[in-house]
Amino acid sequence: MKFKVYYVKNLKMSLEKTAAQVGHVMKELGRKCASSPEGDTCIVLGVSQTKFDNLIAEAVSMNRPMHVQVDSGRTEVVAGTRTAFGIIEEE
């Protein structure tokens, strides 16, 4: 499996916060498919808010397995902020 995770670089989250958000996305994607860590690929990319929104819309229109991470607002961003999302691609 190939997992692609995108985060919004405009939010200027710390490295630790970004890693946590990507981790949440990967955890949820892992629940959606049977995969083996040995054969999986994970790509993480920072994108603009506009690109982020466009990628989500594209994934929804193609009915791809995905997860959008919405932050609870306890630390660096406002509650309800979409910080990261990921899709699953067959290799």
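Caption draft 1: How the structure looks around the sheet that holds strand 2 (residues 41-47). The strand order across the open sheet formed by 4 strands is 2-1-4-3, and the pairing between neighbours is mixed. What marks the edges here is a single partner per strand, and that holds for strand 2 and strand 3 (66-70). With strand direction ignored, the average angle separating the axes of adjacent strands in the sheet is 15°. Two elements, strand 1 (residues 2-8) and strand 4 (residues 82-89), share 6 bridges in a ladder whose sense is antiparallel. Across the sheet, the residue bridging to Tyr6 is Phe85, located in strand 4. The strands touched by helix 2 (residues 49-61) within the sheet are strand 1, strand 2, strand 3 and strand 4, with strand 4 carrying the most contacts at an inclination of about 40°.

Caption draft 2: View of the nonpolar core. Formed by Tyr6, Val8, Val47, Phe52, Leu55, Ile56, Ala59, Met66, Phe85 and Ile87, the largest nonpolar core amounts to 10 residues. Elements supplying a minimum of two residues to this core: strand 1, helix 2 and strand 4. It is helix 2 that provides the largest number of residues to this core, a total of 4 residues. Excluding its chain neighbours within four sequence positions, the residues that come into contact with Ala59 are Arg64, Met66, Phe85 and Ile87. In terms of nonpolar packing, the next biggest core, distinct from the first, is built from 8 residues, Val5, Val22, Cys33 and Ile88 among them.

Caption draft 3: Focus on the side chain of Glu89. Along the polypeptide, Glu89 turns up in strand 4. Owing to a relative accessible area of 15%, Glu89 belongs among the buried residues under this scheme. A polar contact is formed between the side chain of Glu89 and the side chain of Arg64, at a distance of 3.0 Å. When neighbours within four sequence positions are excluded, Glu89 is seen to be in contact with Met1, Lys2, Lys4 and Arg64.

Caption draft 4: Structural context of the pattern of salt bridges. Going through the model one piece at a time under the given rule, you end up with 6 salt bridges. Residue Arg82 pairs with Asp53 through a salt bridge whose shortest N-O separation is 2.6 Å. Of this pair, Arg82 sits in strand 4 while Asp53 sits in helix 2, placing them 29 residues apart in sequence. A relative accessible area of 32% means that Arg82 is categorised as partly exposed.

So, how was this worked out
Residues numbered from 1 in each chain as written. Predicted model: local features only at pLDDT ≥ 70, side-chain atom pairs only at ≥ 80, totals over all residues. Heavy atoms only, no water. Pairing = 2+ DSSP bridges. Helix = DSSP H or I, 4+ residues; strand = E, 2+ residues; numbered from the N terminus. Axes fitted to C-alpha atoms, helices over the stretch in contact; angles between N-to-C directions. Contact = heavy atoms within 4.5 Å. Core = buried A, V, L, I, M, F, W, Y, C linked by side-chain atoms within 4.5 Å. Buried < 20%, exposed > 50% of the residue type's maximum accessible area, 1.4 Å probe, protein only. Polar contact = N/O pair within 3.5 Å; in protein donor to acceptor, adjacent residues only side chain to side chain. Salt bridge = Lys/Arg side-chain N within 4 Å of Asp/Glu carboxyl O.

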